[in-house]
Amino acid sequence: MNHPSYIELKNGISPIMTTDVPVIEYDIFYEKVRELLIDKSNHCLSYYCYAFAGRLKFICCIADDNTGIIRLLSHEMRPDNTTLKALTPFCPSIHIFEREIHENHGVEFPGHPWLKPVRYPHDRADRMSVMDNYPFYEIESEELHEVGVGPIHAGVIEPGHFRFICNGEKVLHLEIQLGYQHRGIERLFVDKGDALQRCLLAENIAGDTAVGHGLAHAQLIESLAGIEVCEALQIERCIALEMERIAVHIGDTAALSGDVAYQLGQVTCEALRTMVINTTQFWCGNRFGKGLVRPGGSNYPLTEETAGEILKVLEEVERRYENVTGRIYTLPSVLGRFEDIGRVTRPQAESIGVVGMAARSCGIVRDIRRTHPFQYYRNFEINPVTLEAGDVLARGMLRALEVKASAGIIRALIDSWRKTEKSVGRPVYNYKLRPGSFAISLTEGWRGEICHTVVTDSEGNVLHYKVKDPSQHNWMALALAVRNQEISDFPVCNKSFNLSYCGHDL
Amino acid sequence: MLKEIRILTDHGKQYIPDLRKQPVSERFRGRPVISEVITREEIEKVAAICPVNAIDRRNGSIDLGRCTFCNECALMLPGTIGFTNDYRIAASRRGDLVVMTGQTEVLRLDETAVRKEIRRLFRRSLKLRQVSAGGDNSCEMELAASCNVNFDLGRFGIEFVASPRHADGIVITGPVTENMSEALEICYKAVPSPKVIILVGTDSISGGLFEGSPALQRGFIDRHPVDLYVPGNPAHPLTFINGVMDLLGL
């Protein structure tokens, strides 16, 4: 008889018993993952391991974007074994996960092109590996020079180190060293047993994505604690998520304009962003939406007054933003700095597993709201905006198009909300998680897909918590985007992705 | 050019004329007020749910240097605990961030605690270097927003600069991670003396939610004198701006 090599589940709905996940031999696991990832409609959401009963238990989640199915594959490793044949040479998108497993648990992956450090976590396997001895890629040549930037940057942003190898003005290679922001978040999810603490941790994974991560966490808890949420609350959460998307996209438009010295675009978009986040503050008291998403209920249920305010502000913002972006993206002096700069091709993006708006800017329809719908998106068809060019201009223009789309989505959501019976209760903090279970939760934040997974022990305590921010996939795209570009184009390339340091470093 | 002018006219004046008195949403959570008739049982109840131990079990005070402004205590005891939308909550002494029960008066920075040279040297021009040491990017974005077209901190000669060599002080966000501790120290040393240190956000003041995480190394905060504490999660631009204005005596 043929035993199944994986178990299938769907986003945020049904937790499964960990004992129901088939544990297969690594050779079979290896072949299966390879086979699945050859199909371009599949991509790896997360691949990690944790110590359990003296063994390392590996879990790989692969999403099928056509059917909305998530396949869960698992294998185990005894302590006397420390090597696994690397998947990366055949599935480059796995590179970051194998590096992470290597860094956290000391597992060797023969065949992996480069198991360089990911984030120098406090509980890494090799304490001799420190920020100062990062193994930078080097090219020996008298013609070349290196430019190091960071960890502290010129602007008011998070820390990370960039090292360019340049031939004159041209960048041959960019090495991105991260880890400065590592706060031990995943460990704290396990150590802090309190429900409210976990909510706050989730909101603080990346403060610019408080709603995206907060929702991923709330969904995960609800799935594992068997909490149903009413339709009105589902709609409210989607509205909050779209407002977050609009606010950041407009802020990024300001930053992109500022980087090419187009002040008009910068100041007007800054002011528009202020209007949007002040509306979020009007709703929940916090400009970033911290406190808005909680498991099981809400402390700030949407009211007719708030809905009216959102619609009013949105109408004004949408109109003005359209006028400004209409100017920004037709102005020759701006286009000259954006067009054909920092290009990531579709094959590159597919191979390294780029997600979110960066993927949609080079023609890949990858949007969890559509492919693995959650909350009210299940009742609501999202048609993701895509562009083909994959350059800074495409990433900039995609933002403009997504702001417009999100504004339309919010209006439709508020329409549905008005027709829905409202029974949003207070948040649930005294939940009990189902013991011995695994659950996964995906959301589409403004950067892209966010994935939280959790494993509980036999008592229902959190045994392992894993967070994946879209930045984990997309930093590599930035490194590829600047190849063969002028080094002076790095700032616009960087802003066009606007990746998270803390979301990556955790 | 005409198009540009039309866009600008359409946007109108965006700057906030009086940063001291700018109203914010009613729901914004700033200075808390705790009723003096709060009972021992009530204190125990809210202290037990506080995710960051900001409520003192002995006297019911709230430490804004630890508080993440999650509002759960106020929701549990409406009428007894409440967060006002008063955003002027920065202080020059750590202890001044503690709000006692029955305390209803506004918080104002204690002038006597400000070093004399700060006002003498930096009153008309203060250049700051921002260092994020594990910040979640919300405080960083609020600091950047302090300089935007709405808040326009530059009007007072206060600016964020690109190098510690050009700076009169540093503004720290984040709980100070071990991986960032050395870079923070180097940056501070590179700022010419005399220099100020400003901590922005609950994470940087006390470690906040991350207190006790093995990934932190907060030695820097313990070793160096701090001139201004700006609470919040994140700190609102108006909290930061008013705090700095008070520090400089503007």
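Keep in mind it's a predicted model, so treat the numbers as computed, not measured. Numbers given for residues are sequential positions, taken from 1 along each chain in its written order. Chains and ligands are labelled sequentially in the order written, the chains with letters from A and the ligands with numbers from 1. Reporting of local features is limited, given that this is a predicted model, to residues whose pLDDT is at least 70; pairs of side-chain atoms are given and counted only at 80 or more, and all residues count toward the totals for whole chains, interfaces and linings. The side-chain numbers reported here are obtained from all heavy atoms of the structure, hydrogens and water having been left aside.

Draft legend 1. Region of the structure containing the overall build of chain A. Per the convention used, a helix needs a DSSP run of H or I reaching at least four residues, while a strand needs a run of E reaching at least two, with both numbered from the N terminus. If you tally the helices and strands in chain A, you get 16 helices and eleven strands. In this setup the radius of gyration rests on C-alpha atoms only. A globule is expected at 2.2 Å times the number of residues raised to 0.38. Its C-alpha atoms give chain A a radius of gyration of 22 Å, near enough to 23 Å, the size a compact globule of 506 residues would have. Seen through its principal axes, chain A has C-alpha atoms that stretch 70 × 65 × 40 Å. Each residue is assigned to one of three classes by its accessible area relative to the maximum for its type, calculated with a 1.4 Å probe on protein chains only: buried under 20%, partly exposed between the two thresholds, exposed over 50%. The burial tally for chain A puts 66% of its 506 residues in the buried class. Carbon and sulfur atoms make up 50% of the accessible area of chain A, which amounts to about 17500 Å² in all. Separation of charge centres in chain A, based on 53 positive and 65 negative side chains, amounts to 3 Å. Each accessible area value is a Shrake-Rupley result obtained with a 1.4 Å probe; residue values ignore everything except the protein chains displayed when judging cover. Just so you know, the count uses Lys and Arg for positive and Asp and Glu for negative, and it drops His and the chain ends. Think of each charge as sitting on NZ of Lys, CZ of Arg, CG of Asp or CD of Glu.

Draft legend 2. Seen up close, the environment of L241(A). Residues and elements named next belong to chain A. You can see L241 is positioned in helix α6 (residues 231-259). By relative accessible area, L241 is classed as buried at 1%. As a C-alpha pair, L241 and I409 span 168 residues in sequence and 11 Å in three-dimensional space. Apart from the residues lying within four places of it in its own chain, the contact partners of L241 are V211, G212, L215, F374, Y377 and E444. Working rule for contacts: check all heavy atoms of both residues, and any pair within 4.5 Å makes them a contact.

Draft legend 3. The arrangement of the pairing of strand β5 (residues 69-77) of chain A in detail. All names here are of chain A. Most of β5 sits inside the fold, with eight of its nine residues counted as buried. Two strands are counted as paired when DSSP detects at least two bridges linking them. In terms of strand pairing, strand β1 (residues 7-10) meets β5 through four bridges, oriented antiparallel. Paired with I7 across the bridge in β5 is L72. In this sheet, β5 lies alongside strand β4 (residues 55-64) in antiparallel orientation, the contact comprising eight bridges. Looking at β5, one finds that A63 is bridged to I70. Connecting β4 to the next strand, β5, in antiparallel fashion are four residues, including G68 with a positive phi near 75°.

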